[in-house]
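Architecture at a glance
Chain by chain, the residues:
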Amino acid sequence: MTIDNDACFVKTESFVETEVDGEVVLMDIDNGQFFSLELTGRRVWQMLDEHDSVNKLAAVLTTEYDVDADECRVQVAELLTNFQSRKMVSVRAG
């Protein structure tokens, strides 16, 4: 699946979250599955409330980490694809 770098993502409402020992723990209230996010995954998840596209997320991450902008966009797109496949995020209709 190819993600448009300008597509807008939102967290789905079927997850509840809490922070435990520096990790974000998510539970899918529809099926009871748990997910744990650390490091960059946790940071992207937290930023989704304010920055909703690959381009916006990558722009912030490149100021926080020593990473090439193009590589950062690729990695963020892969992470959002993973989130989307687990129904953690959806693409917001424009």
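Structure's up top.
Below you will find a few notes about this structure.

Conventions adopted
- Residues numbered from 1 in each chain as written.
- Predicted model: local features only at pLDDT ≥ 70, side-chain atom pairs only at ≥ 80, totals over all residues.
- Heavy atoms only, no water.
- Helix = DSSP H or I, 4+ residues; strand = E, 2+ residues; numbered from the N terminus.
- Rg over C-alpha atoms; globule rule 2.2 N^0.38 Å.
- Buried < 20%, exposed > 50% of the residue type's maximum accessible area, 1.4 Å probe, protein only.
- Contact = heavy atoms within 4.5 Å.
- Areas by Shrake-Rupley, 256 points an atom, 1.4 Å probe, with all protein chains shown as cover.
- Salt bridge = Lys/Arg side-chain N within 4 Å of Asp/Glu carboxyl O.
- Pairing = 2+ DSSP bridges.
- Axes fitted to C-alpha atoms, helices over the stretch in contact; angles between N-to-C directions.
- Expected span 1.5 Å × (residues − 1).
- Polar contact = N/O pair within 3.5 Å; in protein donor to acceptor, adjacent residues only side chain to side chain.

1. Side note on the overall build of the chain
A count of helices and strands for the chain gives three helices and five strands. The secondary structure elements of the chain, listed N-terminal to C-terminal, are β-β-β-β-α-α-α-β. Here the C-alpha atoms of the chain give a radius of gyration of 13 Å, agreeing with the 12 Å that 2.2 N^0.38 yields for 94 residues. Along the longest, intermediate and shortest principal axes, the C-alpha atoms of the chain span 35 × 35 × 20 Å. Sorting the 94 residues of the chain into buried and exposed places 32% on the buried side. In the chain, the proportion of contacts linking residues at least 24 apart, taken out of those at least 6 apart, comes to 49%. Just so you have it, the chain exposes about 5800 Å², and 47% of that area is on carbon and sulfur atoms.

2. Some thoughts on the pattern of salt bridges
Summed over the entire model, instances satisfying the criterion amount to five salt bridges. The salt bridge involving lysine 11 is made with glutamate 17; its shortest N-O contact spans 3.5 Å. A residue is classified by how much of its surface remains accessible, and glutamate 17, at 43% relative accessible area, is partly exposed. The partner of aspartate 49 in a salt bridge is lysine 11, and the shortest N-O contact between them spans 3.3 Å. Of the two residues, aspartate 49 is situated in the loop between helix H1 (39-47) and helix H2 (54-64) and lysine 11 in strand S1 (residues 9-11); the sequence distance between them amounts to 38 residues. On the accessibility criterion, aspartate 49 (60% relative accessible area) is exposed.

3. With respect to the sheet that holds strand S2 (residues 15-20)
The strands that make up a sheet pair up through hydrogen bonds in the backbone, lying either parallel or antiparallel. Reading across from one edge, S2-S3-S4 is the order of the three strands in this open sheet, with antiparallel pairing throughout. The sheet is open, and its two edges are formed by S2 and strand S4 (34-37), each paired on a single side. Averaged over all adjacent pairs, the angle separating strand axes in this sheet is 25°, with direction ignored. Direction of pairing for S2 relative to strand S3 (residues 23-28): antiparallel, over a ladder of six bridges.

4. Side note on helix H3 (residues 69-85)
In this model H3 runs 24 Å from its N-terminal to its C-terminal C-alpha over 17 residues, within 8% of the 24 Å that 1.5 Å per residue would give. Those residues of H3 that are buried are in contact with S1, S4, H1, H2 and strand S5 (89-91). The N-terminus of H3 is capped by aspartate 68, whose side-chain oxygen sits 3.1 Å from the backbone nitrogen of aspartate 70. Lysine 87 sits one or two positions beyond H3 and adopts a positive phi of about 65°.

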